[in-house]
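# What the coordinates show
Spelled out from the first residue to the last, the chains are:
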Amino acid sequence: MSEELRNKNIFEQARSYAYEYMDGIEEMDVFPSERSLANMTVFDEILSKESVPAKDVIEQLHKFGSPATIAQTGGRYFGFVNGGAAPVSLGVKWLSDVWDQCGGLYLTSPINAKLETVCENWLKDLFKLPEETVAGFVSGTSMANLCGLSAARFHLLKNLDWDINENGLNGAPEIRIVAHDQVHASVKKTLTMLGYGKKSIEWVASDNQGRIILEELPKLDNSCLVLLQAGNANTGSFDNFDQVCDLANEVGAWVHIDGAFGLWAAASKSLSHLTKGIEKASSWAVDGHKTLNTPYDSGVILCKHRDALVSSLQATGEYIIYSGQRDPLLYTPELSKRSRAIELWATMKYLGRNGIDELVTTFHLRAKQLEQGLSEIGYEIINDVVFNQVLVSSDNDQKTKRIIEYIQKSGECWLGGSTWEGKTAIRVSICSWMTTKNDIKRTVELFKTAEMMVSKTIYQ
């Protein structure tokens, strides 16, 4: 194996295939064809007894694996808020993959620890968060939510004179969890993982855009964990952070904001009004691999109560050697972890403040372009397009479902279905730097064709 490490032909082969994939991304099926999916059976084999040449391994993966990928780094993948991948971040990821740094401690990767500190400061500045805020770099917002809610649990129980690290949950005072009915699935999952079921939640009604109704908020106290979101997964809407946080802070409650893709609106001059008051919260979860277009995986937990975050994620062991520098594992559940901050740093440095503003703002502009185009050809736009999400429907549920199927099978673009207020909807997420005005025009034309073809089959 040591000889193959010195054999640069392996890496040249991989680079050649990567370039081939990049060059063809706009022409490949956005979702794999039936043939490409069927060809994956080539991987159904017994593990060979003898070693297989590295070039054969890479060749097989490219030949049968590349066509079976989702073209999310292209301009017409609108299914989930998966983002794209900025070229500079991919280049840096290639380099850092060769470094293969374990990012848990300063002693296992000084460069990762340093860049985590830099990214922490840049994110605080971009989002205008309190100076005492600390950041943990995790796999995504699901894990960031877990960290934030874990810190909240530690802090709120401490308010009630209970040390969860010493006493555990058995016999602990009750924490009141307040959330509106549009809270994201990852938050519900996180609460379950922390021992809080659906019946533990005080549900608050939301309006027709998925925003918490302030007047429905119960009276808060210092045992309350209030869950808000920046960017509803369907409508892209933003909660009223300013007023809810004021009410929470008066009594010592904890507010956590799930801002997976929407928190980045704070970095856009024209959209920052959507995030008014976020600095008053206690913790925030956000992804780099969504709106910022870093490669997977890249999530961040931001928390203004360092002691609560570190204490809730504590790790001890005779072999763990802490330094006088930043030790990243203090801020994440993982001990061994990928050095995610490297490509996050590269993306932010490359774009700069103005570039991040332009990136985020352009997603909104393309969403508004799609809204206008679809409205002009007769589709109903269900949501107020305030950010990057467009929620669409046709004449009835049956027709809408058939249109979704037609578009998904077209290979031209890919988007998902959803349900909003009992109505079947088409959910379009604009989140790739590759998406151009022409991509939106092509998508509108595809919707037009889908409407015509589905109408023929339904009404014949």
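What this report covers is the structure whose coordinates are included nearby. The written sequence of each chain sets the order in which its residues are numbered from 1. Local features in this predicted model are restricted to residues whose pLDDT is 70 or higher, and side-chain atom pairs enter the listing and the counts only when it is 80 or higher, whereas totals over whole chains, interfaces and linings include all residues. Each side-chain value is worked out from all heavy atoms of the structure, with water and hydrogens disregarded.

Attention shifts here to the nonpolar core. With 76 residues, the main nonpolar core has L123, F127, I257, W264, I278, L302 and V428 as its most contacted residues. Tallying contributions element by element places helix α12 (residues 341-376) first for this core, with twelve residues. In this structure, V134, Y196, L329 and Y331 belong to the second largest nonpolar core, which totals 37 residues. Residue types Ala, Val, Leu, Ile, Met, Phe, Trp, Tyr and Cys, when buried and joined through side-chain atoms within 4.5 Å, form a set referred to as a nonpolar core. Think of it in three bands: residues with accessible area under 20% of the maximum for their type are buried, residues over 50% are exposed, and the middle band is partly exposed, with areas taken using a 1.4 Å probe on protein chains only. Comment: elements are numbered from the N terminus, with helices defined as DSSP H or I runs of at least four residues and strands as E runs of at least two.

Now for the packing of aromatic side chains. Note on aromatic pairs: the rings of Phe, Tyr and Trp (six-membered ring only in Trp) are paired at centre separations within 6.5 Å, and the planes decide the class, stacked below 30 degrees, edge-to-face beyond 60, tilted for the rest. A full pass over the atoms with the stated rule returns eight aromatic pairs. Ring geometry for Y19 and W94: centres 6.4 Å apart, planes at 35°, overall tilted. Placement of Y19 in helix α2 (residues 9-24) and of W94 in helix α5 (residues 87-99) is noted, with a sequence separation of 75 residues between them. Relative to F387, the ring of F238 lies with its centre 5.8 Å away and its plane at 80°, an arrangement referred to as edge-to-face. Separated by 149 residues along the polypeptide, F238 in the loop between β4 (224-229) and α10 (241-251) and F387 in the loop between β8 (380-381) and β9 (389-393) bring together distant segments of the chain. Clustering of aromatic rings is evident, with ring pairs tying together F31, Y77, F80 and W414.

On to the sheet that holds β8. With antiparallel pairing, the four strands of this open sheet are ordered in space as β8-β9-β11-β10. Only two strands of the sheet have a single partner each, and these edge strands are β8 and β10 (416-420). Residue contacts are counted whenever heavy atoms from the two residues lie within 4.5 Å of one another. Angles run from 0 to 180 degrees between N-to-C directions of axes, and those axes are lines fitted to C-alpha atoms, restricted for helices to the stretch in contact. Here helix α13 (residues 397-410) sits on the sheet in contact with β9, β10 and β11 (423-429), set at roughly 30° to β11. Two strands pair under a simple rule: DSSP has to find at least two bridges between them.

Time to look at unusual backbone geometry. Trans is the common state for peptide bonds, and a negative phi is the common state for residues other than glycine. The omega angle of the peptide bond from Y296 to D297 is -5°, so this bond is cis rather than trans. Considering the arrangement of structural elements, one finds D297 in the loop between β6 (283-287) and β7 (299-303). Look at D100: it is not a glycine, yet its phi comes out positive at around 50°. Note on placement: D100 falls in the loop between α5 and α6 (110-127).

With their axes 9 Å apart at the nearest point, α5 and α12 run at an angle of 150° to one another. By the angle between their axes, α5 is roughly antiparallel relative to α12. In terms of crossing hand, the pair formed by α5 and α12 is right-handed. From α5, V88, S89, V92, K93, S96 and W99 reach across to α12, where they touch I342, E343, A346, T347 and Y350. The cut-offs work like this: below 35 degrees is roughly parallel, past 145 is roughly antiparallel, 65 to 115 is roughly perpendicular, and the gaps in between are oblique. Working rule for handedness: look at the near helix, and if it is turned counterclockwise from the far one by less than a right angle, call the crossing left-handed; if clockwise, right-handed.

Worth remembering: the numbers are spatial, not functional.
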